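# Observations on the three-dimensional arrangement
Single-letter residue listing:
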Amino acid sequence: MSIDHYPNRIQEPSGRFLEIAEREVGRIILDIHDGPVQNIFAALSQLYVVQRRMVQSPDQAPDELERIRRSVTLLEHALNEIRTFMGAFRPPEFERRDLVAILEGLVIQHEELTGNPVCLELEGELPAVPLPVKISFYRILQEALSNAVRHGEADHHTVGLHCEGHNVIMEVRDNGCGFDASSVLQQALTGHFGLQGMRERVGLLGGTFMIESSPGLGTCVRVIVPCGDNDQSLSCG
């Protein structure tokens with residue numbers, strides 16, 4: 001089982017943040033092309049067939065109801081995906097909501113979209129964290145859950161959140177197929193957008209990113225971010 005640590009490395013934060021943002025936009029565009037756009041194209045193709053057949057053989061129109069039903073299902077699925085991707089550009093009410101509420105909302109959304117249960121384990125109290133920390137934790141959890149389903153074929157996830165000293169710690173575990181961490185982490189250094197994006201987000205916050213995985217044993221992503229000395233706290237229990 002392999003563990004990789006990414007210690008604090010903050011160089012030219014503005015440039016790196018723009019680079020991360022560009023990569024995320026590129027990933028979202030690819031997801032839209034490979035997901036909802038393909039579904040919409042398939043649905044339209046089905047409807048074109050129905051249209052031609054109904055014009056040519058009006059008496060067989062009832063036999064096309066199932067084809068129409070499948071088309072509607074594809075379009076509804078595509079619409080839901082597009083709404084999800086659009087929401088990823090502007091997560092709702094981050095300024096007003098606390099970190100726990102934001103992550104709970106993402107967990108609920110993931111469960112609704114995938115049908116996979118996510119166990120959110122909150123220990124003790126969390127400090128009130130600044131907006132960049134909220135956004136980064138949201139993005140990292142979003143990416144970790146997505147990777148677990150798309151690449152790891154996971155169907156169950158556990159998200160742990162707690163404080164140690166002046167650090168906020170999040171762990172995301174899954175029961176997926178796992179992978180050779182050393183190999184994939186080396187790819188991340190040469191352009192694996194998901195892991196590279198998570199790593200650099202944590203670096204911009206002065207934190208530490210770790211990932212632990214091996215074939216057949218699932219994956220654990222661990223993020224440690226300093227939150228500073230803050231008397232305000234949020235209940236986690």
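Residues numbered from 1 in each chain as written. Predicted model: local features only at pLDDT ≥ 70, side-chain atom pairs only at ≥ 80, totals over all residues. Heavy atoms only, no water.

### Concerning the environment of Ile 68
- When you line up the elements, Ile 68 lands in helix α2 (residues 65–89).
- Residue classification places Ile 68 among the partly exposed residues on the basis of a relative accessible area of 29%. (Helix = DSSP H or I, 4+ residues; strand = E, 2+ residues; numbered from the N terminus. Buried < 20%, exposed > 50% of the residue type's maximum accessible area, 1.4 Å probe, protein only.)

### What about a nonpolar patch on the surface?
- Taken together, the side chains of Leu 44, Leu 47, Tyr 48 and Leu 75 present a nonpolar region at the surface, about 320 Å² in accessible area.
- In terms of residue count, helix α1 (residues 13–56) provides more of the nonpolar patch than any other element does, three residues in total.
- Structurally, Leu 75 is set in helix α2.
- Owing to a relative accessible area of 31%, Leu 75 belongs among the partly exposed residues under this scheme. (Patch = residues over 30% accessible without salt bridge, like charges linked within 9 Å, V, L, I, M, F, W, Y side chains within 5 Å. Areas by Shrake-Rupley, 256 points an atom, 1.4 Å probe, with all protein chains shown as cover. Salt bridge = Lys/Arg side-chain N within 4 Å of Asp/Glu carboxyl O.)

### So, the nonpolar core
- Within the largest apolar cluster, 32 residues are counted, with the highest numbers of intra-cluster contacts made by Phe 137, Leu 141, Leu 161 and Met 170.
- Where this core is concerned, the elements lending two or more residues are α3 (99–114), α4 (131–150), β4 (157–164), β5 (167–174), α6 (193–204), β6 (208–213) and β7 (219–226).
- Sort the elements by how many residues they give to this core and α4 lands first, with seven residues.
- Once you skip the residues sitting within four places of it in the chain, Met 170 turns out to touch Leu 103, Phe 137, Ile 140, Leu 141, Val 159, Gly 160, Leu 161, Val 221, Arg 222 and Val 223. (Core = buried A, V, L, I, M, F, W, Y, C linked by side-chain atoms within 4.5 Å. Contact = heavy atoms within 4.5 Å.)

Keep in mind these numbers describe shape, not what the thing actually does.
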